[in-house]
Amino acid sequence: METLSSSKRLTVIIMAFVFVGAAALTLFDLRLASSQTVTLVAKRSENAIPLDDPSADVWDKGAPIQVPLSGQNTVPPRGGGEGTVTARALHYDGKLYIRMEWSDATKDDSTSMQNEFTDAAAVQFPVEHGESVPAFCMGNPDAPVNIWQWKAAWQTGTDASVLDVQEAYPNIAVDFYPFEDEPEFYPAAASGNIVVRADRTSAADNLLAGSFGTLTAAEDQMVAGMGAWDDGKWRVVFSRDLQVGAEYAQFAEGDSTNVAFAVWNGANAERDGMKSVSQFLTLEVSPEIATGGGGLSGGTIGLFVVVGLVVVAGLATVGSYLLYTRRQTA
Amino acid sequence: MAKVHNWQLGREMDYRFPEVHPDRQFVAVFNINRCIACQTCTFACKSTWTYSRGQELMWWNNVETKPYGGYPHHWDIKLLQLLNDANPGGQTWDASTQSDDAPYGEFKGMTIFEAGAAEGKDSAIGYLPTEEDWTSPNFYEDTAKGNPGVPNEYHPEGAQLPEHNTWFFYLQRICNHCTYPGCVSACPRNAIYKRPEDGIVLIDQERCRGYQKCVEQCPYKKSMYRPNQQVSEKCIGCYPRVEGSDPITDGVPMETRCVATCVGKIRLQGLVDIQDGEWVEAPTNPLYYLVRKEQVALPLYPQFGTEPNVYYIPPRWVPREYLRQLFGPGVDQAIDRYTNPSRELQAVLQLFRSTQKIIFRYEIEEGEEIMDTEVNGRRVQIFNDTIIGFDGNDQEAVRISVEEPFHIRNGEFAGQFQNSI
Ligand code: SF4
Ligand code: SF4
Ligand code: SF4
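Remember, predicted model here, so these are calculated numbers, not experimental data.

What counts and how
- Residues numbered from 1 in each chain as written.
- Chains lettered and ligands numbered in written order.
- Predicted model: local features only at pLDDT ≥ 70, side-chain atom pairs only at ≥ 80, totals over all residues.
- Heavy atoms only, no water.
- Helix = DSSP H or I, 4+ residues; strand = E, 2+ residues; numbered from the N terminus.
- Buried < 20%, exposed > 50% of the residue type's maximum accessible area, 1.4 Å probe, protein only.
- Contact = heavy atoms within 4.5 Å.
- Areas by Shrake-Rupley, 256 points an atom, 1.4 Å probe, with all protein chains shown as cover.
- pLDDT = per-residue confidence, 0-100.
- Patch = residues over 30% accessible without salt bridge, like charges linked within 9 Å, V, L, I, M, F, W, Y side chains within 5 Å.
- Salt bridge = Lys/Arg side-chain N within 4 Å of Asp/Glu carboxyl O.
- 1 Å grid on protein atoms, 1.4 Å probe; cavity = no way out; pocket = protein on both sides within 12 Å on 5 of 7 lines; lining within 4 Å.
- Points joined across faces, edges and corners; volume = space filled by probe spheres on them.
- Nonpolar A, V, L, I, M, F, W, Y, C, P; charged D, E, K, R; others polar.
- Axes fitted to C-alpha atoms, helices over the stretch in contact; angles between N-to-C directions.
- Parallel < 35°, antiparallel > 145°, perpendicular 65-115°, else oblique.

**Some points on the overall build of chain A**
In step 1: Secondary structure summary: chain A contains 4 helices and 14 strands in total.
In step 2: Per-residue burial over chain A gives 45% buried out of 330 residues.
In step 3: Considering only contacts within chain A whose residues lie at least 6 apart along the sequence, 67% involve residues at least 24 apart.
In step 4: When the accessible surface of chain A is summed, it comes to about 15800 Å², and 55% of that surface belongs to carbon and sulfur atoms.

This is the structure in structure tokens:
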């Protein structure tokens, strides 16, 4: 047998790495969003998905993708920066669920004092899924986007609301508020501004936009959202019926659309355009049963252990092959 | 960035939006010399507009003691510092180019918009006041400038004109309903707008999402965040009154609450007509007269570049250098004219707080000379002229003479009063 030429050797090594990589991605159903083909797959969950526990075990069945974020640098106010969101999606009983998970060293969940800004997250879909996706930030006038935005501050007070003055300042002393019951002295609420709606039942808003600066509250508020911060990490779950009125994003089993993510860090005074954003990726609603796609449930440590094992296995394969070919030529 | 003309700076400047002007502009003149810091204005505004939950830190009108006071604390010092950092030593005026169209000459330095651009920022320079900055709104009340280099002591010859060595004065502040508002240019949602009918600047309470970019970029810090509404609010120029929709004046435009209640009679507020971006020449509109013709009333920090529309008659005892920093190069002329008032100015000054109705024009009926004397080596003549102010329907709203009518009350009521004790 003739000697394995160095070019052939290179090919073998590359193939080995491809094998290792593919094995890891298959094993964990892990897709890199930076690649054009990356898809967030929402498979059918066999179990109900609790909104009040974004860390619930059921999410282990959702295949995660790592979505790279970068600072919003297109229009003022610019801001945000590099980061990663781990996104998962499931559907159950006619509802789509999306969970975002990202690192944030501080929990900023109040906007009830001066100079406070809240941690927040959003998912964005084209209202109408077509050949081309809208500009990934805030849509185009002829290709609007449907945005679900969750804010930590919106679930801080009682009844999923912002803190009121006496909660934010427990020692406040005020003689009386003469116009307490007169709506005109609460003009934002009186004019129907959604950021302050008194009947807020969800910490997530349903919004529409057709370009920068056009974000508008949608007529129908039907998006549920709940987040939990634990040990330097936010986990936020969004949920909505798959099928709703045509003016909003639609989902159906077997269909695909696009999804993009955004994260705001309140500690950094991020709000509005000052945010970290992703590109649009594909979101596929699959009729398949969610089985966990290899199970990332063991967490990051487990991931590293198994990836490590696979890499070792791969290198061992390459090594023994090289050894074998050497022996042949010896 | 677009190029717009700022007459207060005597030049073009950069602004986010192209030049657009309202048909009429809300304008006020505050005579600092007469303010007694009673804060009636402050409370008139508070009890009218900001008495509700979430507005506890809000004072759309405030009166602060200069040089140390400020609401929010040190707002102006911080702005001046930011501007100086952006353009060290360059914040100067060239007063030699003064003309009717550029009454203060030309500003050679950088506005908040230009300084922002120079620092590569998307928008104007500015800062967000902290929670503490908004507290104790009248801190440093009546605190005078001491004797430099001598702690805890006032200057031995503290109170000698023309410039006192120990001094303070009251600065009355509301939103300036600027021609080129920092707040409008800051809002990424275009939720702030300037009304075409009167130039009043309002935050659309339905569109605002509480991002507080306006709070950050109003150089006068007159946009404020209301936490329990999750939005920003600001002085609304008492627009229902300015529109004439308050029942008291039967449909004619009415002065704002903070103006109409002023105990010291230091305030006059009205509307000037704007055409092709310029104040329409109206020498008998009292605001036009005071600001553009007689030029005794000056904008506050014109160098910020927002073309503010509240004008001040500067306090005549305060060191000019300090005043020039606040009001620009027009200070010396304004004080000179105010302390040696022309016959017309003497009459116009009577209009302050003489009626709740906005005065659109005045007429003067000449009266006899009642004083001819010398003050500081200058001849002073006073005539008992009568000034008549006309309202929005051109009906007589007020008639008042230079010499205040003098009433002598006899002793009969005093006796009754004593008996009743
Ligand atoms: S009411 Fe008039 S005199 Fe009193 S503080 Fe206000 S501006 Fe000054
Ligand atoms: S004073 Fe401030 S809030 Fe008022 S119009 Fe000017 S920039 Fe806006
Ligand atoms: S104009 Fe009206 S709203 Fe503005 S400070 Fe004066 S009283 Fe308050």
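Past the structure itself, the notes keep going.
**Things to note about the confidence of the model for chain B**
In step 1: The share of residues in chain B with pLDDT of 70 or more is 98%, and the mean pLDDT across the chain is 94.
In step 2: The ipTM for the predicted assembly is 0.89, set against a pTM of 0.85.

**Examining a nonpolar patch on the surface**
In step 1: The grouping of Y68, F139 and Y140 of chain B at the surface amounts to a nonpolar patch, some 280 Å² of accessible area in total.
In step 2: Tracing the sequence through the fold places Y140 of chain B in the loop between α3 (112–118) and β7 (169–173).

**What to know about empty space enclosed by the protein**
In this approach a probe as big as a water molecule rolls over the atoms, and the regions it shows empty are the leftover space.
In step 1: Within the structure shown, the criterion is met by 9 cavities of 30 Å³ or more.
In step 2: Reported here for the largest cavity is a volume of approximately 160 Å³.
In step 3: T118, K151 and R271 of chain A together with R209 and Y211 of chain B are the residues nearest the centre of the largest cavity, which is lined by 18 residues in total.
In step 4: Per-class residue counts for the lining of the largest cavity are 7 nonpolar, 6 polar and 5 charged.

**Some points on the packing of helix α9 (residues 320–327) of chain B against helix α10 (residues 331–339) of chain B**
Residues and elements named next belong to chain B.
In step 1: Close contact between α9 and α10 brings their axes to 9 Å; oriented N to C, the two are set at 110 degrees. In terms of axis orientation, α9 runs roughly perpendicular to α10. Residues R320, L323, R324 and F327 of α9 lie in contact with α10, whose contacting residues are V331, D332 and I335.
In step 2: When its residues are assigned to classes, the contact of α9 with α10 shows 4 nonpolar, no polar and 3 charged.

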